[in-house]
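Observations on the three-dimensional arrangement
The chain contents come next:
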Amino acid sequence: LFVDCKQWYQRRVRDAYKAVLGTEHEQMLEELLLKYINKSESTACSVALRFSNILHPTSHLPSRYLCLLALGSSSNEVVEQARAGLRGSQHDALPEFEGAVRYISTCTKERLKTPSLCYTVGTHRLPYIPIVFEEVLKFVRQCLETSAVPEEVVVEKERMVKLREVLGKLPEEVLSQYRELLMSALVPAAPGQLHLHAMEHLAQLSGALPETLSIDFTWCESYLTAPLPLLRNSTATLLGIAAAVAASRGKKSDVDSWAKRVLQLLGDKNASYEVHDGGILAAGYLASCCSPDISAKLTSSFLVFFNSDHMSGVCSAVTNCACSMDLANIIGADSLQKLHQQLITAISQTKEQKILLALTSAIGALHVHTPSLLHVQSDDAAQQPPFTQLRLDQTLNTLFNTSKLNLIELNFSTGKTLSVMCSGPDSPPTIPDSFVNIVQSDVQSIETDITKEVLRKIIREYVLGDVRDVQRQAAAIWILSLLKYCTDTISIKSHRSDIQHALSVLLSNKNTVTQEIASEALSLLYSTADEDTKTQLIDMLKFTLLNETVPHKHVDMDSKIFSSEDIGKLPGSLGGGNLTTYKELCSLASDMGQPEMIYQFMHLSNHSSIWTDRVGAAFGVGNLVKCAGKELEPFLANIIPRIYRYQYDPNLKVQQSMSNIWSVMVSKPKETVDKYLKEIISDLKSNIHTRLWRTRESCSNALGDLVRTRVHDDHVLAEMPEFWVLILKLMDDIKESVRKSATKTAEVLSKTSISVCNLDHGARGARAISTILPVLLDTGITSSIVEVQTISIVTVMKISENAGKLLSPHVHVIVPAFIAASANIEPKAFGQITTMVSGKEEDRDKLEAARAALALTSPLIAVIDKCIRCVDDSQLEVLVPKLASLAKSSVGLTPRVTLLHTVSLLAVYKQQDLTPWVGKLMGALFVVLQDRSSAVRDKCSATIAVLFRYAKPSTVDNVLDKLQSWYLEKDDVTRLLVANTLSKMTNSAPDVVRGVHVRVVPLALYGKHSADQLEKDVWEVVWLELGVSDQSAVLLHLKEISTLATQSLSSTSWPHRIQGANTLAATATLLGSNYPPQELVANVDRLLNSTTGRTFPGKSAILAALSKFLTAPKRTCLSDLGLEEGNVVGVFLREAKKKDPDYVSQVMRAFGDLLLGVEVGDYWDQIWEICSAHLISKEEEDEGEESKEKRKKTETFTIQSVVQESAVLLIGVGWRVCRNKPERISALCEFLAGNMRICTWKIQITMLCSIQHVLHSFLLPPKTDSTQTITPVSLDPPTKQGVYESLLPAVLRCVDDTKHVSVRGLALKLTFLILNSCKDQEVQMRGEVVREVLVHVRDQVSMESNHNLKAQGIEIVTLLEKSFS
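Residues numbered from 1 in each chain as written. Predicted model: local features only at pLDDT ≥ 70, side-chain atom pairs only at ≥ 80, totals over all residues. Heavy atoms only, no water.

1. Looking at the overall build of the protein
Let me state the cut-off plainly: Put simply, DSSP marks the helices as runs of H or I at least four residues long and the strands as runs of E at least two long, and each gets a number from the N terminus on. A simple rule labels every residue: compare its accessible area, found with a 1.4 Å probe on the protein chains alone, to the largest value its type can have, and call it buried under 20%, exposed over 50%, or partly exposed in between. Here, residues are in contact when the closest pair of their heavy atoms is within 4.5 Å. To measure how exposed things are, a 1.4 Å probe is used in the Shrake-Rupley method; for residues, cover is taken only from the protein chains shown.
Per the secondary structure count, the protein includes 71 helices and two strands. Counting all 1365 residues of the protein, 52% fall into the buried class. Sequence separation of at least 24 residues holds for 70% of the intrachain contacts in the protein that already meet a minimum separation of 6. Counting every atom, the protein has about 63,500 Å² of accessible surface; 52% of that belongs to carbon and sulfur.

2. Things to note about unusual backbone geometry
What is expected of a backbone is that most residues other than glycine have negative phi and most peptide bonds are trans. At N406, a position not held by glycine, the phi torsion is positive, near 55 degrees. As for its placement among the helices and strands, N406 is situated in the loop between α20 (389-401) and α21 (408-423). Of note, the phi angle at Q911 is positive, near 50 degrees, even though the residue is not glycine. Among the structural elements, Q911 can be located in the loop between α47 (893-910) and α48 (915-928).

3. Topic: the packing of aromatic side chains
Definition in use: Pairing of aromatic side chains here covers Phe, Tyr and the six-membered ring of Trp, requires ring centres within 6.5 Å, and sorts the geometry by plane angle: under 30 degrees stacked, over 60 edge-to-face, intermediate tilted.
The full count for this structure, using the stated rule, is 17 aromatic pairs. For the pair F400 and Y462, a centre-to-centre distance of 5.3 Å together with 65 degrees between the ring planes defines the contact as edge-to-face. Of this pair, F400 sits in helix α20 while Y462 sits in helix α23 (residues 451-463), placing them 62 residues apart in sequence. The class for F400 is buried, based on a relative accessible area of 0%. Ring geometry for F1132 versus F1151: centroids 5.5 Å apart, planes at 15 degrees, classification stacked.

4. Observations concerning the side chain of T955
Mapped onto the fold, T955 is located in helix α50 (residues 953-969). Not counting residues up to four positions away in its chain, the partners in contact with T955 are V918, G919 and M922.

5. Considering helix α36 (residues 677-687)
Spelled out, the test is: It is the directions from the helix axis to the C-beta atoms that the arc portrays.
Every buried residue of α36 is accounted for by L677, I680, I681, D683, L684 and N687. In a view along the axis of α36, the buried residues occupy a sector of 160 degrees, so they form one face of it. In α36, the exposed positions angled more than 90 degrees off the buried face are occupied by K678 and S686. The inward-facing, buried residues of α36 abut α33 (636-646), α35 (669-675), α37 (693-709) and α38 (714-730).

6. Focus: the environment of P859
Position of P859 relative to the elements: it lies in helix α45 (residues 859-869). Here P859 falls in the partly exposed class, since its relative accessible area comes to 45%. Sequence separation between P859 and I825 is 34 residues; the distance between their C-alpha atoms is 9.5 Å.

7. Brief notes about a negative patch on the surface
Put simply, the rule is: Residues enter a patch when their relative accessible area is above 30% and they make no salt bridge; the linking distance is 9 Å between like charges and 5 Å between nonpolar side chains (Val, Leu, Ile, Met, Phe, Trp, Tyr). Each salt bridge in this description consists of a side-chain nitrogen of Lys or Arg and a carboxyl oxygen of Asp or Glu lying within 4 Å of one another. Charged-residue counts in this description rest on Lys and Arg as positive and Asp and Glu as negative, His and the chain ends being excluded. Lysine's charge is taken at NZ, arginine's at CZ, aspartate's at CG and glutamate's at CD.
Among the surface-exposed residues, D971, D972, D1012, D1017, E1020 and D1030 lie close enough to one another that they form a single negatively charged patch. Assignment of secondary structure puts D972 in helix α51 (residues 972-988).

8. Describing the packing of α48 against helix α49 (residues 934-948)
Convention followed: To define axes, lines are fitted to C-alpha atoms, for helices over the stretch in contact only, and angles between the resulting N-to-C directions are given on a 0 to 180 degree scale. Between 65 and 115 degrees an angle is taken as roughly perpendicular, under 35 as roughly parallel, over 145 as roughly antiparallel, and anywhere else as oblique. By definition, turning the near helix anticlockwise from the far helix through less than a right angle yields a left-handed crossing, and turning it clockwise yields a right-handed one.
Their axes nearest at 10 Å, the elements α48 and α49 cross at an angle of 165 degrees. By the angle class used here, α48 and α49 are roughly antiparallel. Viewed along their axes, α48 and α49 form a crossing whose handedness is left-handed. Touching V918, L921, M922, L925 and V928 of α48 are V936, C940, T943, I944, L947 and F948, all from α49.

9. A word on the pattern of salt bridges
Applying the stated criterion across every chain, the model contains 34 salt bridges. Across the salt bridge formed by E200 and R141, the nearest N and O atoms sit 4.0 Å from each other. Of this pair, E200 sits in helix α10 (residues 192-208) while R141 sits in helix α7 (residues 130-148), and the two are 59 residues apart along the sequence. Connected via shared salt-bridge partners are K1099, R1134, E1135 and K1138.

10. Observations regarding a nonpolar patch on the surface
Where nonpolar side chains cluster on the molecular surface, the patch consists of Y119, I129 and I131 and spans about 230 Å² of accessible area. Along the polypeptide, Y119 turns up in strand β1 (residues 119-121). Classification of Y119 as partly exposed rests on a relative accessible area of 32%.

11. Quick word on the environment of P1222
The topology assignment puts P1222 in helix α66 (residues 1221-1234). A relative accessible area of 35% means that P1222 is categorised as partly exposed. For P1222 and L1275, which are 53 residues apart along the polypeptide, the C-alpha to C-alpha distance reads 6.4 Å.

12. A few points about the packing of helix α40 (residues 763-780) against helix α41 (residues 786-803)
Note the cut-off: As a working rule, the residues Ala, Val, Leu, Ile, Met, Phe, Trp, Tyr, Cys and Pro are called nonpolar, Asp, Glu, Lys and Arg charged, and the rest polar, with Gly in that last group.
Orientation of α40 relative to α41, taken along the N-to-C sense of each, is 145 degrees, at an axis distance of 9 Å. Judged by the twist between their axes, the crossing of α40 over α41 is left-handed. Note on element contacts: α41 touches α40 through V788, Q789, S792, T795, V796, I799 and A803, opposite I769, L773, L776, L777 and G780. Split into classes, the residues belonging to the contact of α40 with α41 amount to eight nonpolar, four polar and no charged.

13. Here's the deal with the side chain of D865
Assignment of secondary structure puts D865 in helix α45. Here D865 falls in the buried class, since its relative accessible area comes to 17%. Contacts of D865, omitting those with residues within four sequence positions, involve L905 and Y909.

14. Some points on the confidence of the model for the protein
This is how the line gets drawn: Confidence scores per residue from the predictor, reported as pLDDT, run from 0 to 100.
Of the residues in the protein, 81% have a pLDDT of 70 or more, and the chain-wide mean is 77. Of the regions scoring below 50 in pLDDT, residues 593-629 engages in 58 contacts with residues more than four places distant in sequence or in other chains. Of the regions scoring below 50 in pLDDT, residues 1191-1198 engages in twelve contacts with residues more than four places distant in sequence or in other chains.

Shown next, in the form of structure tokens:
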């Protein structure tokens, strides 16, 4: 129902959207689909792609372009949908080539304008990722071939003609766009596969339109020596086309210069394989386009490499040269004959298909322009044949012998070579037609006279002769090639009847491939004949098919008497092989002690049809055995095992027949089997892995029945280990029925093994365990075959349940084997789900945790638990090293979780006995602790915590050293892992941790100040688990903490520097005035030294820590600490001048904290210079008074950034160091009040705080104690009045803020402070100012909802009415 609804919905939506096609909204729809194709969510991309494919045909360019883009998706589903959209149905049409080039070129240029959509390689940008770019090029080429070449054109030369016609009609603009698209893919840093596709397309384009080609050898050289062989070949082809074009234009000097560079490549003996191979290929193409002397040098240079690893490349070069020119004119006739002989010799000495293909092609190419290669020149043709028979026979025999290799592709190549030899210059091309069409050569056709000889040899020796079927198949391919390429030769025309007879014989061959090839050749033979010949061929074919007789065969030692399909498998001397030859019948008769029976077998074969099947043969043998009677008794030791085996033949009729023979021969089956048990077992073992699948299956069935019926036989028990080995191997057989039989037999062996490996059987049970368990553990559980591993694990588990103390000697083998086997116990679906959620870390962690929990519920865990309980001290010496080695080498979540659980069990059960081995286990577990799986890491940290309880002191120190070094040097994931590990250690082994507080406390305090909140929370838990007082712990371990923090300050890692600074700041905060002076000064010096160098994110933490150190002791001046004031303040002033605004903001705030806590000299000018640089632009400084007033009325948001906010605050705090306050305070207040315009509420609070700091500088009582750092300044009443009146308007503007309580509260507080100061210091204010304050505050009080602020407003109003009325 859901599927039907989904399809109905898609049809409805499709119909709705199809309504907009062809309208002005179609472009909007295409843009919408393109938007979602580019999204990273696979679901959105899939939906967009599906609708695109549904709405548009394959000829619609924008929708096909969407499919191309979707091929770069990480979702397999999206990629499959995209490929389906590009593929379409069988009759769907592709877009026109011209339109495709124009559209894709436009889209490519648009993508290049958006860097986020491009793929960057080195300094270049590709418009698409490589895999998409490859598909784009393939799509454009497919559009070209579909537009230019009809489906019925299959000949390459005709395809090139069609392509040239179509490309020649296209506008130059389209060709230029296509060429630019190809060249954009050939950037140097792009992948080799992309280069290959682009170069192949460029070679095709240049071959069709060579006049448009213009390349340089230097550009080609890098691709000519590329790692990909096909790329080198395509580049060499392109270079050859360019050389041919240059030569045709009279620029042979350019070609000669290219050739000389190739000669340099080939002459460099230290060059790589790729350089030589590219040079050889290029030389093969260039040789036909150079001057004669250069051509000779090129040819000689690459022929030098013939007997090396470059044989295939040299053959290709020879092919290219020989197809383009007569090599005899270049290297001489004698050298050409020698080269021909080398090629023939190489074919007979190699078996590699690639090289054989190249060699056969080269031999054929030599005959293109030199058809007289196998001819002997003679003045008297009547006295000497036109060819040398010996040379011809040698060549043909070498080529024909390749048929024994059964390589169909090689047979076709050989057929093409034979066609070249027979047709000479009119032969089929063996190099790219794009190159052949350009290179012009004048070659006279020479009438060859070897076609008749070739045909005669093929038909007589390989069709009618006694050869293998694969050679007859090769003969069919050769005849097909001759008919295809040499159909117009006189010899073919005159021997059509012989060819048809040969093909008729091949039609009767049992090989279907041979039949198909012969049928194709007959069709070709008939289609190329004239009417009279066609009539003759039809009459001959009828006669051949209707009157064919089988010739009489002479019987020798290898003549077949029974065919393999007729007689089947019978007992014989070859271990159950087919009774097919006279020699095998003689062997069987000899085994039975009745040599005269051979004649009865012959009679059985030739005169009675009932004996031609397996049942008849078996029945005949049964009669013979019955007749032999007691004469067979001495030979029963050889016969009984075979007949016993064949009772279990997979063919039911054979089973019945052999059972009849058994019942005739054996009157007491049980006693007979007991008597010949050793012989039966020996026969089964020797034949269970024979090449005949029926024999293997029958042996498996017989062995299962034998073991099941003789469970307690000592001989069977002794053979059980070998039985297991044989059956486990057979469970991986290629034949399914054999595998099923082996599985059933393995189940029988499993039940038998479980039965005998029991504590109740005493010594016999112990002996059975000692022999069977090693086989199952070493061969079964470690197998990669799931079925083998499963049956082995189940068997060992059941044995472990009943074995009891007999299991103890094998614990060190069972436990590691089960740990390794646990990997295959997990359901396979987990692997698929893990792949699906691999991109989501949270989901992956949850899944891994579930997998780890499931692994601990495996039945293997129960067996491991039982085994661990049996471990004694002697077993520990063997088991622990194996576990340690397994921890370092094991991979996968389940095996590692199982291993960690095993180690935990070992620690729980053995406790102090495990102490000597804890160090070794710890070293191995630290390897596991670096696993990528969070579940494994969590389990490993818990295991380490359990082992930590029983570790030696030296091991404890090593573990803590390792954890600390990891925390200080590794990545964030490892740092969190260290924190979790220490948390579990403090929880699992508190007594051990309590003894090493001096190591743990500094690290825990350091970790508490991590920037990662999750890690910080874990360290907080560790600190609580330690159970120490913050202040006392820091004071006790201050030296170690300072050392650790100082080490971090000198680290190259910025986060470590920040964390070290925060740690030192925390110590200063916790200890305050109790901080040891000597240690304090040392830490200050370290922090001062750390401020040097470049600015990095978070460096302000160092200055903040420095400020806390200087202000924590509550001293009034820096000289009390023995510090130079200029050096300290200079650091803050220097860092406040940096360019990073965020950093400067933090520095200013730290500097402000320092100025509030310590009394320093007059640095107001420097502070004002730094702050004004951020608050006053250069234009504001240069403009006149009139312009300033105008700007103040119109400008808004004067202070916008964080650094400006900090600058405002620093001005207020830093005002206290100014020594000339009366002269400067008015200007400062005007500046602050003037900048209190329409801005954000947070910045308003900052401005008000800065004003508050300024007011405190002359409103505080006189300095009375040493801890007070602010010295009040007395101002005359007029100055105070001016200050108050300039500040009040700005403050009142904030009082009117109806949205933010904090702004109104601070503004009301400052208003009350100013008014109260006026009352106390008897400062007179103008009446209009007082009235303005009164109006503002009354209005605010009337609307105020906050009770505290309302009370404060009422207090201000009351003050105004009483004191200023």
